[in-house]
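# Architecture and fold: a report
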Amino acid sequence: MNSFDSVEDLVLVAGATGGVGQLVVGKLLEKGLKVRVLTRNAAKAEEMFNRRVEIAVGDIRQPATLPAATQNVSHIISCTGTTAFPSARWEFEQSPNLIEWGITFLNPKSSEAKAKNSPAKVDAEGVSNLVAAAPRNLKRFVFVSSCGIERKNQFPFSVLNAFGVLDAKQKGEESIINSGLPYTIIRPGRLIDGPYTSYDLNTLLKAKTGGKYGVVVGTGDTLSGDTSRIDVANACVECLLHPSSSRKIFEIVNQGQRPPVINWETLFSKIE
């Protein structure tokens, strides 16, 4: 028996217009599930999803906007996030000049203080706000986190965490775990395959798996490598259909030859 046992079930997707979020919404709709998206831009969401979803205008950084968005939802999938390194997506209060950019890289904390969309604002504070607004009878809270949470002092994760993205995601994870809500935390590796929404080398090179590589899951934060956004989205949706994934944290990467069909039930059954 999966967690969708009522025609009244409604899935809220936060970060729905982002790379993974778009795919999550699409896969939920493919399965005939009712979807509400949390967005700051209703017009963009309406165009993107062709009016096939409910739209809740809100912002996880603004707690007052969340109770209406979470009302009557049975599941929440959080695909929110920002870039690991300072970029336009951090929404600086004013555009830094070259000297200020230099100071930013020498003193990461100074950049966060001037940014409205830093990892601390989104992955830590924002996720905590979303957890606080979630219905107490929620069936599952799914959070897209990151590999390396437990290896922040090891290369390459020490570089990735230079501006605190892994610290922030860990705080987000902790707020979910401590909430008492049923949860699944998914830790992908470096995201590849479109939609391309991040400002990194992967975006410039349009790295893709081409559907050739298998899906590997693990626990204990031991895996490294690339992860297709497509497979992350699949994991977000499929975990809701398998009780064995509840209250679990797992990493996911693409490795080895891809089988004709990914057996998610078998993958989830291996998670300790």
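A brief look at the structure comes next. (Residues numbered from 1 in each chain as written. Predicted model: local features only at pLDDT ≥ 70, side-chain atom pairs only at ≥ 80, totals over all residues. Heavy atoms only, no water.)

## Some words on the overall build of the protein chain
The helix and strand tally for the protein chain stands at 11 helices and 10 strands. Looking at the 272 residues of the protein chain, the share that counts as buried comes to 51%. Restricting to contacts in the protein chain with at least 6 residues of sequence separation, those with at least 24 account for 73%. (Helix = DSSP H or I, 4+ residues; strand = E, 2+ residues; numbered from the N terminus. Buried < 20%, exposed > 50% of the residue type's maximum accessible area, 1.4 Å probe, protein only. Contact = heavy atoms within 4.5 Å.)

## Notes on the nonpolar core
The biggest cluster of nonpolar side chains holds 35 residues, and the ones touching the most others in it are Val13, Val24, Val25, Leu28 and Ile77. Once you skip the residues sitting within four places of it in the chain, Leu28 turns out to touch Val11, Val13, Leu33, Val35, Ile77 and Val237. Ranked by size, the runner-up nonpolar core spans 23 residues in total, among them Leu130, Val131, Ala133 and Phe141. (Core = buried A, V, L, I, M, F, W, Y, C linked by side-chain atoms within 4.5 Å.)

## Considering unusual backbone geometry
Put simply, Phe155 and Pro156 share a cis peptide bond, and its omega is 5°. Tracing the backbone through its elements, the reader meets Pro156 in the loop between β5 (140-144) and α7 (157-160). For Arg51, which is not glycine, the phi torsion reads 60° and is therefore positive. Mapped onto the fold, Arg51 is located in the loop between α2 (42-49) and β3 (54-57). We classify Arg51 as exposed; its relative accessible area is 66%.

## Some remarks on the pairing of β3
The pairing of strand β2 (residues 34-39) with β3 spans 4 bridges and is parallel. In the strand pairing of β3, Val37 is matched with Ile55. Traced from β2 through α2 to β3, the parallel crossover comes out right-handed. (Pairing = 2+ DSSP bridges. Right-handed = clockwise from strand over helix to strand, strands pointing away.)

## What to know about helix α6 (residues 119-133)
In this model, α6 (15 residues) spans 20 Å end to end at C-alpha, consistent with the 21 Å of a helix rising 1.5 Å per residue. Most pronounced at Gly126, the bend in α6 amounts to some 30°. Inspection of α6 places Pro119, Val122, Asp123, Ala124, Gly126, Val127, Asn129, Leu130, Val131 and Ala133 among the buried residues, and these make up the whole buried set. (Expected span 1.5 Å × (residues − 1). Bend = angle between axes of the 7 residues up to and from the residue.)

## Let's talk about the pattern of salt bridges
Under the criterion given, the structure shown has 14 salt bridges. Residue Glu238 is joined to Lys31 by a salt bridge in which the shortest nitrogen-to-oxygen separation is 3.3 Å. With Glu238 in helix α10 (residues 229-238) and Lys31 in the loop between α1 (19-30) and β2, this residue pair connects regions lying 207 residues apart in the sequence. Notably, a salt bridge pairs Glu150 with Arg187, separated by 2.9 Å at the nearest N-O pair. With Glu150 in the loop between β5 and α7 and Arg187 in strand β6 (residues 183-188), the pair connects residues that are 37 residues apart, well separated along the chain. (Salt bridge = Lys/Arg side-chain N within 4 Å of Asp/Glu carboxyl O.)

## A look at the packing of aromatic side chains
Evaluated as defined, the whole model comprises 4 aromatic pairs. Aromatic side chains Phe85 and Phe163 sit 6.0 Å apart centroid to centroid with 75° between the ring planes, which places their arrangement in the edge-to-face category. Within this pair, whereas Phe85 is found in the loop between β4 (75-78) and α4 (98-106), its partner Phe163 is found in the loop between α7 and α8 (165-177), the two being separated by 78 residues in sequence. Overall, the relative accessible area of 33% leaves Phe85 in the partly exposed class. Both rings, one in Trp90 and one in Phe163, keep their centres 6.2 Å apart while their planes meet at 85°; by these two values the pair is edge-to-face. With Trp90 in the loop between β4 and α4 and Phe163 in the loop between α7 and α8, this pair connects stretches of sequence that are 73 residues apart. We note that Trp90, like Phe163, is buried. (Phe/Tyr/Trp six-rings, centres within 6.5 Å; stacked < 30°, edge-to-face > 60°.)

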